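Listed below are the residues making up each chain.
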Amino acid sequence: MRMEAILAIAASGPEAAEADAARLAAQGVGALCAFVPQAALAQRLAVNEPAEAGGVVMLLPSLANPLAVARTVHAAWPQAYLLIVRAEDDLPRLRRDLGIAPMLGRQWSLAAVAEPELTTALRQALASSRQRRQLRTTLASANARLRETHAVSLGEYHRLVTSEHHLSNFLRHSQAAVLGLDAAGTVLFWSEGAAELLGVTVRRALGRPLAELGDWAREIVQAATSLAPEHPRQLVEQMVHLGGQERALEAMLLLTPAVAAGARGTSVVLRDVTARRRAQDQLREANLQLQRLVSERTEALEKSQLALLQVQKLEAIGKLTGGVAHDFNNVLQVIGSNLQLLQPLVQDAGESERLLRAALAAVDRGARLSSQLLAFARRQPLDPVPLNVGRKLHEMDDLLRRSLGEHIEVESSLAAGLWTTLADGGQLENVILNLAINARDAMPEGGRLTLEAANVVLDEEYTRTVPDLTPGQYVMLAVSDTGQGMPPEVAAQAFEPFFTTKPEGKGTGLGLSMAYGFAKQSGGHIRIYSEPGQGTTVKLYLPRSFEKEVIPPRHPTGPVQGGSETILVVEDDLAVQAVVVATLQSLGYRVLRASDAQAALSILQSGVHVDLLFTDVVMPGPLRSPELAQRARQLVPGIAVLFTSGYTQNAIVHGGRLDPGVELLSKPYRQEDLARKVRHLLLLHRQQARTPKPAEPAEQADEPSSPAGALRVLLVEDEAELREVTQQMLELLGCRVQAVASAEAADAALRAGSFHLLLTDISLPGRSGLELAREARALNPEMQVVVSSGYGKADTDADTWNLPKPYGLPELQSLIERVQATVA
Ligand SMILES: Nc1ncnc2c1ncn2[C@@H]1O[C@H](COP(=O)(O)OP(=O)(O)OP(=O)(O)O)[C@@H](O)[C@H]1O
Ligand SMILES: [Mg+2]
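The structure presented is a predicted model; accordingly, all values stated were derived computationally and were not measured.

Thresholds, definitions, all that
Here, residues in each chain are numbered from 1, in the same order as that chain's written sequence. To read the labels, note that chains go from A and ligands from 1, taken in the order they are written. At least 70 in pLDDT is required for a residue's local features to be given in this predicted model, at least 80 for side-chain atom pairs to be given and counted, and no such filter applies to totals for whole chains, interfaces and linings, which use all residues. Side-chain metrics rest on all non-hydrogen atoms present in the structure, leaving aside hydrogens and water. Secondary structure follows DSSP: runs of H or I at least 4 residues long count as helices, runs of E at least 2 residues long count as strands, and numbering of each begins at the N terminus. Exposed residues in this analysis have more than 50% of their type's maximum accessible area, buried residues have under 20%, and partly exposed residues fall in between, with area computed by a 1.4 Å probe over protein chains only. Residue contacts follow a heavy-atom distance rule, with two residues in contact if any of their heavy atoms lie within 4.5 Å. Calculation of accessible area relied on Shrake-Rupley with a 1.4 Å probe; when residues are assessed, cover is drawn exclusively from the protein chains displayed. A pair of strands is labelled paired if DSSP reports no fewer than 2 bridges between them. Note on geometry: axes are lines fitted to C-alpha atoms, helical ones only across the stretch in contact, with angles between N-to-C directions running from 0 to 180 degrees. UniProt positions are given in the numbering used here, feature names are shortened, and annotations may be inferred rather than shown by experiment. Each reported salt bridge corresponds to a side-chain nitrogen of Lys or Arg within 4 Å of a carboxyl oxygen of Asp or Glu. Stacked, edge-to-face and tilted are the three classes for Phe, Tyr and Trp ring pairs, Trp counted by its six-membered ring, which pair at centre distances within 6.5 Å; planes under 30 degrees apart are stacked, over 60 edge-to-face, the rest tilted. Working rule: Lys NZ or Arg CZ, within 6 Å of ring centre, within 35 degrees of ring normal, means a charge sits over the ring. Patches in this entry comprise residues that are over 30% relatively accessible and not in a salt bridge; like charges within 9 Å are linked, as are nonpolar side chains (Val, Leu, Ile, Met, Phe, Trp, Tyr) within 5 Å. The directions considered for the arc are those from the helix axis to the C-beta atoms. Cavity and pocket criteria rest on a 1 Å grid covering protein atoms alone: a 1.4 Å probe that fits but cannot get out defines a cavity, protein on both sides within 12 Å along at least 5 of 7 lines defines an open pocket, and an atom within 4 Å of a point defines a lining residue. Grid points are joined across faces, edges and corners, and a volume is the space filled by probe spheres set on the points. Residues are grouped as follows: Ala, Val, Leu, Ile, Met, Phe, Trp, Tyr, Cys and Pro are nonpolar; Asp, Glu, Lys and Arg are charged; all remaining types, including Gly, are polar.

Enquirer: Just checking my understanding: could you explain the overall build of the protein for this structure?
Expert: Along the backbone of the protein there are 23 helices and 31 strands. A buried classification covers 44% of the 824 residues belonging to the protein. For the protein, long-range pairs separated by at least 24 residues make up 67% of all intrachain contacts whose partners lie at least 6 apart in sequence. Summing over all exposed atoms, the protein offers an accessible surface of approximately 42,600 Å²; the carbon and sulfur share of this is 54%.

Enquirer: I would appreciate a short explanation of the sheet that holds strand S18 (residues 566-570) in the present structure.
Expert: The pairing of strands in a sheet comes from backbone hydrogen bonds and takes either a parallel or an antiparallel form. Spatial ordering of the open sheet is given by S19-S18-S20-S21-S24, a layout of 5 strands whose pairing is parallel. The open sheet has two edge strands, strand S19 (590-594) and strand S24 (663-666), and neither has a second partner. Each strand axis lies, on average, 25° off the axis of its neighbour in the sheet, ignoring direction.

Enquirer: When you look at the UniProt feature "modified residue: 4-aspartylphosphate" (unreviewed entry) in the protein in this model, what are you seeing that I'm missing?
Expert: Those residues carrying the UniProt feature "modified residue: 4-aspartylphosphate" (unreviewed entry) are Asp616 and Asp761 in this numbering. If you trace the backbone, aspartate 616 turns up in strand S20 (residues 612-616). A relative accessible area of 6% means that aspartate 616 is categorised as buried. When neighbours within four sequence positions are excluded, aspartate 616 is seen to be in contact with Val570, Glu571, Asp572, Ser625, Thr644, Ser645 and Lys667. Looking at the element boundaries, aspartate 761 is found in strand S27 (residues 757-761).

Enquirer: Just to check I follow, could you spell out the pattern of salt bridges for this structure?
Expert: Charged atoms that come close allow side chains of opposite charge to pair. Applying the stated criterion across every chain, the model contains 27 salt bridges. For the salt bridge of aspartate 90 with arginine 93, the shortest nitrogen-to-oxygen distance reads 3.0 Å. Looking at aspartate 90, the relative accessible area reads 17%, which means it is buried. One continuous salt-bridge network, built from bridges that share partners, spans Glu237, Glu250, Arg271, Arg276 and Arg277.

Enquirer: Where do I start with the sheet that holds strand S7 (residues 187-190) in this structure?
Expert: Strand order in the open sheet formed by 5 strands is S7-S6-S10-S9-S8, with antiparallel pairing between adjacent strands. Sheet topology places S7 and strand S8 (233-242) at the edges, where each strand pairs with a single neighbour. Taken over all neighbouring pairs, the strand axes of this sheet differ in orientation by 25° on average, direction set aside. Where strand S6 (residues 177-182) and strand S10 (residues 265-272) come together, 6 bridges link them in antiparallel fashion. Pairing of leucine 181 across the sheet is with threonine 266, part of S10. Sitting on the sheet, helix H8 (residues 217-225) touches S8, strand S9 (245-255) and S10, and the angle it makes with S8 is about 165°.

Enquirer: Any chance you could explain the packing of aromatic side chains here in plain terms?
Expert: Each aromatic ring pair is specified by the distance between its two centres and by the angle formed by the two planes. Applying the stated criterion across every chain, the model contains 3 aromatic pairs. Ring centres of phenylalanine 495 and tyrosine 516 lie 5.2 Å apart, and the angle between their planes is 40°; on these two criteria the pair is classed as tilted. In this pair, phenylalanine 495 is assigned in the loop between helix H14 (488-493) and helix H15 (511-521) and tyrosine 516 in helix H15, connecting sequence segments 21 residues apart. Here phenylalanine 495 matches tyrosine 516 in class, with each residue buried. A cation over a ring is seen here: lysine 539 above tyrosine 529, with NZ or CZ 5.2 Å from the ring centre. When the ring centre of tryptophan 801 is taken as origin, the NZ or CZ atom of arginine 818, which lies over that ring, is 4.3 Å away.

Enquirer: So what exactly am I meant to see when it comes to a nonpolar patch on the surface here?
Expert: A grouping of Leu167, Phe170 and Leu171 is seen on the molecular surface, where their side chains present a nonpolar patch of about 310 Å² in accessible area. Along the polypeptide, phenylalanine 170 turns up in helix H5 (residues 117-173).

Enquirer: Honestly, H8 in this entry has me stumped. Any pointers?
Expert: An α-helix turns once per 3.6 residues; consequently, residues spaced three or four apart project the same way. Among the residues of H8, Ala217, Ile220, Ala223 and Ala224 are the ones counted as buried. Angularly, the buried residues of H8 cover 125° about the axis, an arc narrow enough to put them on a single face. Facing away from the buried side of H8 by more than 90 degrees, the exposed set consists of Arg218, Gln222 and Thr225. For H8, the elements touching its buried residues are S8, S9 and S10.

Enquirer: Any chance you could explain the side chain of lysine 520 here in plain terms?
Expert: Along the chain, lysine 520 falls in helix H15. Lysine 520 has contacts with Arg378, Val466, Pro467 and Asp468, leaving out every residue within four places of it along the chain.

Enquirer: Quick question: what am I supposed to make of empty space enclosed by the protein here?
Expert: Empty space among the atoms becomes apparent when a probe as large as a water molecule is rolled across them. Counted by the stated rule, this structure contains 1 cavity of 30 Å³ or more. By volume, the largest cavity is sized at about 40 Å³. Here the residues of the lining of the largest cavity are counted per class, giving 6 nonpolar, no polar and 2 charged.

Enquirer: Is there a simple way to explain unusual backbone geometry in this structure?
Expert: Phi is mostly negative for residues that are not glycine, and the peptide bonds are mostly trans. The phi dihedral of phenylalanine 498 is positive, around 70°, even though this residue is not glycine. On the secondary structure map, phenylalanine 498 appears in the loop between H14 and H15.

Structure below.
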């Protein structure tokens, strides 16, 4: 082991130094020492510490003033261990001097020169110095390490502190509303954005439980407590009151990572999403609106489809009823005319007359029915004139009150300045009466009927759902009652003909049908609003007219007048023709007849004078009735023209209206109607012509034909009853009749004898009547052939006549007359 050197300081004199060295050598420590004379001490102290000297400075006994030297050394080398060696007797004084004040620090000791104390002292000094030196080194290196670490962490610390400062600065001053909460929900951080959004200053918020800062905080605190590492985030959206306004607040909560280490915390970023919420609400509202609109439109579409279906259905029924009514009218015409012809013959017969009157009343009822059917089918000939609905209601006041009875209160509400409307007055009256009677029937216990008229404008929105209705100005007539109302299924069918809920015999189910047809034909519209138990309103819309109101003349009354003018009757239906001719003749007129327009034209062209042309509208042949009328006017200036029809046709009725100057007599008409109309027209024309022309004698015979004589008729009819009655009628007319039941029998008869006329039913067992007719013609071209049919007019050959069933005596009579004319 290397022994540490001891710096020994001795007195300057050589002898003293030597003596010291010798003493030390004698002590066995001399080799350890480096001797420094006192004179060189200052220089030595200035250079360095006695590191190599083990840090022990020994002050030798030779030194005269050891304490002064010790102080000097201590001042220069405060770490050095001072060992003051003295002579034994010198020690107490030195100890005393040193004891007063610790001027030499802690490391010093005194030792006597005597052995073994000096060696021990020296050893102890060295050990102490070494220990202190070691301690110092350890401390220094520890310090050095500490300094190093300290320097590094300080940099990091600085850096961290700076970036945290920046971050917090950023957050604190950002517009984002950011909060930091500890596990207990206490506010640790509060950005200025949060202060602004929530209206709570940073100072007020920091350190306080969030829940105390406002009602809006409750949900956020609740959400914050539910956060956990498995679900570290949560979004809360709520409506809150901030600054007196309702706002939508969105809070995004995030568990801070420190949670893992046990220090729970939550960061919350808040946003005011009012605008977004509002936009979403608006979008939702717009969506709902859209859905509503779509469903409304769908509903409207379905409604209009339903309406269309309903209209199509009514249209189809209309076609059917129109056809039926037409045929029905002809039947009624025959029955009615025959009954009327029969009337003078049974005048005194009591019971017979009563029966006759009942039959005639039934014909009237039938005629009303078929006219309602025609009205529904929109084939009723209308004569629309500009009229005022208010005036019409006023005129009907009496009639309505009488029809309704006393237990029903009638109220009218007419708008001022009611527009004029274009409608057929008579038909309008019928409609009003029908509606009023329906109302009456719906109020058996009494109630109130309200008649209301007003100007309305129907817009496209309304007309879209009604086929054929154009938007525009209308006069609305509403008939309301406080009656039982209709369930929807009744209202849906109420316009259908024959739909009635009334007991048998009480209702025909045609009232609303005719009102419907009338409205449609008049270019208007009708609608039912009804609520079971509440009542019903039927609204009729008629188009506005800009023409001046026409106040109609009162219906002619008084006795029927006949005349002696000449009338040309053009009618293809021979049965009808026969009764018309008979009627006109009975009124004193001279009558010419033709079965089609062509034949009529021939008569007119022959130069015979005709005062009035009475023609059916629909006739076979290429020449149409309006053309015939036109040609007639050219050929016979001043001729009056009267049309008649089972229903109107476009030929004379355009859009439900008669052409100007056209007069129409609708079938079935009463004898009286025909007489009045004919008389009226003839008078009118006479007035117009001012120079009445004398009636010229007719060229064609219009007198009843001479008796049938021995006209031979072959009657083929498989129905025994009909065969019998027809045979009787023919025989009544003076014919010689052979009646058979089959085509085969007819064949045989035709071959056996000759006939003027073959009258055969169209459907015979095993063979068609038409076929038989053809064969018969081939056998005998001179013979007249007539086919009768129960399906109206049969599709016969040109030279074969038609006799639609049912036919009566007059039809047969006229048939026989015609055959006789050909025979003659
Ligand atoms: N004002 C009303 N209140 C309640 N139900 C009504 C009303 N008007 C009509 N109805 C219903 O509509 C059905 C058809 O009416 P519509 O006028 O066509 O025929 P009707 O009155 O039964 O017979 P008709 O009028 O031919 O004598 C009626 O049977 C009734 O059920
Ligand atoms: Mg009715």
